[in-house]
Amino acid sequence: NRLLLVNGPNLNLLGTREPEIYGTETLDDVFAMATAVAREVGFELRAFQSNHEGALIDVIHEARGDCDGIVINPGGLTHTSVALRDALTGVALPFAEVHLSNVHAREPFRHHSYLSDVASCVIVGAGVQGYEFAIRRLAALLR
Ligand code: DQA
C-alpha cells in the first residue's frame, strides 16, 4: 500500500516563491503533512521532486509495480507536456492532479491541462491542503 507524491518544476521553491500565490509552507512541510495523512489512511508515501521532465517521467515509470497511485503537481509542465501525460496513462495507475493555486483564475495559458481528462480527480486552489484531499481520495478509491 504505497502512494507516490510527485512535484514538478519550481515546486522546490515552495514557501519563498510568490508566497501570495503559493503560500508560505515549504515542500518539506508538504512532505511531512502528506506522509502523516498517508499513514493515517494506511499508505506509505514515497515523495519526489524534480525540475526535469525526464526525471519525472522516469519516476512515474518506476512507480509501476511499486506504488498503487500517484499524487502529482506537475507545475508548469501541466500546460505543456504530452510526454508526462503519456507516462501517466502508460503506467495505468490512478492519479490525482493537484494545483496549489486556482489555475482557472489565472492567466489563460494555465487554464488547459494535458492531464486533467485522464486524472482520477483534480484539485485546484486548495493550497497545500489539496495534497491532503488528493491522498484521502486516492486511498478511498484504492480501498
Ligand atoms: C501550479 C500551477 C502551475 O500553473 C504553475 O506553473 C506551477 C504551480 C500550482 O500548484 O498552482 O508551477 O501547478
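Before reading further, recall that the structure is shown in the block above.
Since we're looking at a predicted model, the values are computed, not measured.

A. Expanded view of the site of the ligand. Taken together, Asn10, Asn73, Gly75, Gly76, Thr78, His99, Leu100, Ser101, Val103 and Arg110 form the complete shell of residues around the ligand. Residue classes in the shell around the ligand are distributed as two nonpolar, seven polar and one charged.

B. Seen up close, the sheet that holds strand β3 (residues 69–73). Taken in spatial order, the five strands line up as β2-β1-β3-β4-β5 in an open sheet, and their pairing is parallel. Every other strand in the sheet has two partners, leaving β2 (44–49) and β5 (121–124) as the edge strands with one partner each. The sheet shows a mean angle of 15° between the axes of neighbouring strands, direction not considered. Across four bridges, the pairing between strand β4 (residues 95–99) and β5 is parallel. Paired with Val98 across the strands is Ile123, a residue of β5. Helix α5 (residues 129–142) rests against β1 (2–7), β3, β4 and β5 of the sheet, and its axis sits at about 170° to β4.

C. Up close: helix α4 (residues 82–91). Within α4, the full set of buried residues consists of Leu84, Ala87 and Leu88. The arc enclosing the buried residues of α4, seen along the axis, measures out at 95°, which places them on a common side. In α4, the exposed positions angled more than 90 degrees off the buried face are occupied by Val82 and Thr89. For α4, the secondary structure elements touched by its buried residues are α3 (53–63) and β4. Downstream of α4 by a residue or two, Ala92 has a phi angle that is positive, lying close to 55°.

The rules behind each value
Residues numbered from 1 in each chain as written. Predicted model: local features only at pLDDT ≥ 70, side-chain atom pairs only at ≥ 80, totals over all residues. Near = placed C-beta within 6 Å. Nonpolar A, V, L, I, M, F, W, Y, C, P; charged D, E, K, R; others polar. Pairing = 2+ DSSP bridges. Helix = DSSP H or I, 4+ residues; strand = E, 2+ residues; numbered from the N terminus. Axes fitted to C-alpha atoms, helices over the stretch in contact; angles between N-to-C directions. Contact = placed C-beta atoms within 7 Å. Buried ≥ 20, exposed ≤ 12 C-beta atoms within 10 Å, placed from the backbone. Arc of directions from axis to C-beta.

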